[in-house]
Amino acid sequence: MRGGTTKQSQMKQGYIYIITNNSNTTLYVGVTSNLPKRILEHKEKRYQDSFSARYNLYKLVYYEQFQNMLDAIAREKQLKAGSRAKKVKLIEDFNLEWLDLFDDIQG
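Parameters at a glance
Residues numbered from 1 in each chain as written. Predicted model: local features only at pLDDT ≥ 70, side-chain atom pairs only at ≥ 80, totals over all residues. Heavy atoms only, no water. Helix = DSSP H or I, 4+ residues; strand = E, 2+ residues; numbered from the N terminus. Polar contact = N/O pair within 3.5 Å; in protein donor to acceptor, adjacent residues only side chain to side chain. Phe/Tyr/Trp six-rings, centres within 6.5 Å; stacked < 30°, edge-to-face > 60°. Buried < 20%, exposed > 50% of the residue type's maximum accessible area, 1.4 Å probe, protein only. Contact = heavy atoms within 4.5 Å.

### Regarding the side chain of Glu64
Right, so step 1: Along the chain, Glu64 turns up in strand 3 (residues 59-66).
Right, so step 2: For Glu64, the side chain forms a polar contact with the side chain of Arg75, separated by 2.9 Å.

### Comments concerning the packing of aromatic side chains
Right, so step 1: Scanning the model with the defined rule gives five aromatic pairs in all.
Right, so step 2: When the centroid spacing of 4.8 Å and the interplanar angle of 70° are considered together, the rings of Tyr62 and Phe94 count as edge-to-face. With Tyr62 in strand 3 and Phe94 in helix 5 (residues 84-94), this pair connects stretches of sequence that are 32 residues apart.
Right, so step 3: With relative accessibility at 6%, the residue Tyr62 sits in the buried group.
Right, so step 4: The exposure class of Phe94 is partly exposed, given its relative accessible area of 41%.
Right, so step 5: Their ring planes at 80° and their centres at 5.6 Å tell us that Tyr63 and Phe94 sit as a pair that is edge-to-face. Of the two residues, Tyr63 is situated in strand 3 and Phe94 in helix 5; the sequence distance between them amounts to 31 residues.
Right, so step 6: Tyr63 gets classed as partly exposed once you look at its relative accessible area, which sits at 23%.

### Quick look at the environment of Val29
Right, so step 1: Counting through the fold element by element, Val29 comes out in strand 2 (residues 27-32).
Right, so step 2: Taking the C-alpha atoms as reference points, Val29 and Ile16, separated by 13 residues in sequence, lie 7.0 Å from one another.
Right, so step 3: Every residue in contact with Val29, bar those within four places of it in the chain, is listed here: Tyr17, Ile18, Glu76, Leu79, Lys80 and Lys87.

Now the structure itself:
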């Protein structure tokens, strides 16, 4: 919910995440209120014309959880404004081997 701030968006927890492709060459930073569902959408290429579908980005390599969507959106903007090197360091401090963390967030 990027357009406005409602009580509901403030109350709903949020996540930011970084996904990549098999060779870890392209990074995508996203935000969602339902991380497992959103990553599955990336894996299934639910939105065929999206950036993630075009570049085969489906491997979850990093995520953070927030108490509300407003904080998650603020963090997403911060990460998107940062350099690739900063994103890589963040990923490697969290997930040195760049493993797909999708199974870790299930259930």
